[in-house]
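Okay, here's what each chain looks like letter by letter:
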Amino acid sequence: MRSPVRTWSSAPNSRQSRFPPGERLSSFTTFASTPATSSAIKPTGTQLALFVLIAAGLSLWTINLLYGRPLFIDEANVARNLYDRGYAALFAPLDHDQYAPPLYLMAGKFLGDVFGYAEIPLRIPAFLGGLLAVYGLYKSGRYLDLGPWVLLPLAFLFVNPTVLRYVGEIKPYGLDLGIAALLIALRLRPRQRKEVWRWTVIGTIAPWLSLPSVFVLAAVGLLRLRTDWRYSLAIGAWLLSFAGLYFTVLRPSVGSGYLNSFHAEYFFPLATSWEELLQTGRIIFRMLRLSYGFTVVALVWGGALLVTGMLRLPTRRLWLLLPLLVAMGASTLRLYSLIDRLLLFALPGVWLFTALSARSVYASLGKARPVALLLTVAVLGGTNIYRSFYEPVRFSDGRKLAEIARTAGAYTLHPDAVPVVEYYRRIHPQTSKEWVKKVGSGADHVLIYDVTTRESTRQTIRRDSIGAAERGCNVLAEKLYRSGVLRLRCPVPNSDP
């Protein structure tokens with residue numbers, strides 16, 4: 001009778017079974033006596049490169065987070081909602097034309113209540129989203145057996161300037177990126193017991209943390225339902241959860257005039273006219289630029305690998321692009337904008353698909369492989385993100401505008417300047433200590449403008465300046481980084497009869 005106990009040496013998949021019977025013991029002894037410094041346990045070149053890449057990338061993110069750049073208009077509006085509302089009120093449409101998932105808002109408010117409503121605490125949830133993206137891309141690369149090519153999607157993550165911005169902002173786009181990467185990794189993981197129930201719970205919660213997660217869930221559900229009818233129960237739970245989110249939070253915004261006007265050029269058209277065809281081209285160009293970089297080399301390289309992957313890779317790998325395609329379908333119905341920040345969730349799938357395609361092309365190149373590697377390095381170096389190690393990014397003069405308002409005798413705020421000035425004067429005044437030039441400090445009135453990147457704001461400044469000069473006022477214009485100030489000294493009106 002065969003013994004029910006299986007020894008290590010008899011295991012059919014053991015390492016020892018690979019040696020002839022007479023060499024098994026000696027081989028094991030040799031392995032066991034290998035010094036700790038042996039190359040058998042030294043990290044591989046890929047492991048070292050992975051460590052250096054992740055360490056450098058996280059250092060870049062951390063430097064820019066701790067820099068604590070001033071809040072810009074949309075961040076300040078979210079902060080105003082967090083400060084002015086209780087936790088329950090975060091499950092209702094936000095004020096100031098803002099949207100963020102309720103659970104994301106709850107995390108931000110909790111951090112604000114505990115650590116203060118300063119820049120860094122309020123940006124921690126988005127930063128954690130970046131960390132989830134690192135983990136999700138790494139695990140996905142392992143499940144896809146990318147080998148050294150797992151470095152490519154992670155490199156794209158860290159050299160992407162849009163990612164750098166939004167893993168350090170109060171807006172939820174950094175967490176959108178992380179949740180999408182995590183969901184893709186869970187989908188690629190080998191199937192486990194009770195998987196349907198896990199997906200039911202995950203898919204029910206995810207939209208309340210990240211709205212674009214519904215596009216990844218749609219891709220997961222479509223694929224799983226083909227082989228397992230039980231996923232219909234999970235999909236039903238997802239739909240009920242999303243319906244609750246829609247009717248409590250989203251409904252007032254969907255189809256609103258603001259959405260249709262501000263995002264008009266970011267809705268994917270049906271290309272039934274020449275103008276719509278041009279808009280299709282512009283949107284695709286922006287997608288390629290967001291995914292791969294700004295240079296011609298990066299755009300051609302990335303587009304070529306996407307097309308090559310669609311032609312050469314197994315059909316099942318096209319699933320990685322399906323979340324983006326679902327979002328594009330929603331965009332044709334004017335239900336979702338394809339502006340860059342709302343597409344961060346699609347990047348993990350695009351980058352993983354690109355890595356699979358690059359590996360396939362590289363394997364077929366033979367002696368031309370070094371050229372392919374040099375081209376890849378050139379693509380990764382084309383975003384100019386490396387200067388952000390010593391010159392952190394910023395997008396607002398919020399603190400300085402608040403200090404100008406504090407020191408002015410009388411001032412008027414342009415509507416776009418109201419959020420940041422209110423935030424730094426009412427919610428977080430202790431950081432409103434930017435150095436302010438004393439030139440024009442004797443002005444009778446100060447006009448303060450923000451977001452001068454908008455042509456409409458620049459036109460308003462010009463119109464106000466001309467109007468004040470025509471009234472006989474002495475006008476001193478001061479240009480800041482992305483804002484402006486007009487200091488007015490006007491003649492006293494004649495009070496004689």
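Summary of the structure given here. Just so it is clear, the structure is predicted and the values come from calculations on it, not from any experiment. Chains are numbered independently. Their residues run from 1 in the order of the written sequence. Where local features are concerned, this predicted model is filtered to residues with pLDDT of at least 70; where side-chain atom pairs are given and counted, the filter is 80 or more; whole-chain, interface and lining totals use all residues. Values reported for side chains reflect all heavy atoms of the structure, with hydrogen atoms and water molecules removed beforehand.

The next point concerns the pairing of strand β3 (residues 474-479). Pairing between strands is defined by DSSP: at least two bridges between them are needed. By definition, any uninterrupted DSSP run of H or I lasting at least four residues is a helix, any uninterrupted run of E lasting at least two residues is a strand, and each is numbered from the N terminus. Looking at chain direction, β3 and strand β4 (residues 483-489) are connected through six bridges and run antiparallel. Bridging from a neighbouring strand, Leu476 pairs with Arg487 of β4. Linking two consecutive strands that pair antiparallel, namely β3 and β4, is a turn of three residues.

With that settled, consider a nonpolar patch on the surface. A patch consists of residues whose relative accessible area exceeds 30% and which take part in no salt bridge; residues with like charges are grouped when within 9 Å of each other, and nonpolar side chains (Val, Leu, Ile, Met, Phe, Trp, Tyr) when within 5 Å. The method behind every accessible area is Shrake-Rupley, applied with a 1.4 Å probe, and residues are considered shielded solely by the protein chains displayed. Whenever a carboxyl oxygen of Asp or Glu lies within 4 Å of a side-chain nitrogen of Lys or Arg, that contact is scored as a salt bridge. Residues Ile63, Tyr386, Phe389 and Tyr390 make up a contiguous nonpolar surface patch of about 420 Å² in total accessible area. Within the secondary structure, Phe389 sits in the loop between α17 (369-380) and α18 (398-407). Note on exposure labels: buried denotes an accessible area under 20% of the residue type's maximum, exposed denotes more than 50%, and partly exposed covers the range between, all computed with a 1.4 Å probe on protein chains only. Residue classification places Phe389 among the partly exposed positions, given a relative accessible area of 34%.

Evaluated as defined, the whole model comprises 16 salt bridges. One salt bridge connects Glu422 with Arg80, and the closest N-O pair in it is separated by 2.8 Å. On the criterion of sequence distance, the pair formed by Glu422 in helix α19 (residues 418-427) and Arg80 in helix α3 (residues 73-84) is long-range, its members being 342 residues apart. By relative accessible area, which is 23% here, Glu422 ends up partly exposed. Overall, Arg80 belongs to the buried group, its relative accessible area being 9%. When the shortest N-O distance is used, the salt bridge between Asp397 and Arg394 registers 3.5 Å. Assessed through its relative accessible area of 31%, Arg394 is described here as partly exposed. Here the residues in one salt-bridge network are Arg80, Asp84, Glu422 and Arg426, joined through shared partners.

Attention shifts here to the packing of aromatic side chains. Any Phe, Tyr or Trp ring, taking Trp's six-membered ring, that has another such ring centre within 6.5 Å forms a pair; planes under 30 degrees apart are called stacked, those over 60 apart edge-to-face, and the others tilted. Throughout the structure, instances matching the rule amount to 16 aromatic pairs. Arranged with centres 5.0 Å apart and planes meeting at 55 degrees, the rings of Trp61 and Phe158 form a pair that is tilted. Separated by 97 residues along the polypeptide, Trp61 in helix α2 (residues 45-66) and Phe158 in helix α6 (residues 151-159) bring together distant segments of the chain. Both residues of the pair, Trp61 and Phe158, count as buried. Centre to centre, the rings of Tyr166 and Tyr173 are 5.2 Å apart; their planes meet at 90 degrees, and the pair counts as edge-to-face. Assessed through its relative accessible area of 6%, Tyr166 is described here as buried. Each member of the aromatic cluster is reached from another via a ring pair, and the members are Phe156, Tyr292, Trp301 and Trp351. Whether a charge sits over a ring comes down to the Lys NZ or Arg CZ being within 6 Å of the ring centre and within 35 degrees of the ring normal. One cation-aromatic arrangement involves Arg165 over Phe395; the distance from NZ or CZ to the ring centre is 3.9 Å. Taking the ring centre of Trp319 as reference, the NZ or CZ of Arg187 above it sits at 4.9 Å.

Attention shifts here to the packing of helix α14 (residues 296-312) against helix α16 (residues 347-363). Axis lines are fitted to C-alpha atoms, over the contacting stretch for helices. Their N-to-C directions set the angle, which ranges from 0 to 180 degrees. For the pair α14 and α16, the least separation of the axes is 8 Å and the interaxial angle reads 75 degrees. The angle between the axes of α14 and α16 places the two elements in the roughly perpendicular class. When α14 is examined against α16, the residues Trp301, Leu305, Leu306, Thr308, Gly309, Met310 and Arg312 are found in contact with a partner set consisting of Val350, Phe353, Thr354, Ser357, Ala358, Ser360 and Val361. Just so you know the grouping, Ala, Val, Leu, Ile, Met, Phe, Trp, Tyr, Cys and Pro go in nonpolar, Asp, Glu, Lys and Arg go in charged, and all remaining residues, Gly too, go in polar. Its residues assigned to classes, the contact of α14 with α16 comprises eight nonpolar, five polar and one charged. Any angle from 65 to 115 degrees is called roughly perpendicular, while one under 35 is roughly parallel, one over 145 is roughly antiparallel, and all others are oblique. Contacts are residue-level and defined by heavy atoms, with any inter-residue pair within 4.5 Å sufficient.

Moving on, we get to helix α11 (residues 231-250). Listed as buried for α11 are Tyr231, Ala234, Ile235, Trp238, Ser241, Leu245, Val249 and Leu250. The buried residues of α11 all sit within an arc of 125 degrees when viewed along its axis, so they share a single face. Residues of α11 that are exposed and point over 90 degrees away from its buried face: Leu233, Leu239, Leu240 and Phe247. Regarding the arc, it is the one traced by the directions from the helix axis to the C-beta atoms.

Disulfides are defined as cysteine sulfur pairs within 2.5 Å. Applying the stated criterion to the full structure yields one disulfide. In this model Cys473 forms its disulfide with Cys490; the gap between the sulfur atoms is 2.0 Å. Here the S-S torsion is close to 105 degrees, and the disulfide linking Cys473 with Cys490 is therefore right-handed. Within this pair, whereas Cys473 is found in the loop between α20 (455-470) and β3, its partner Cys490 is found in the segment after β4, the two being separated by 17 residues in sequence.

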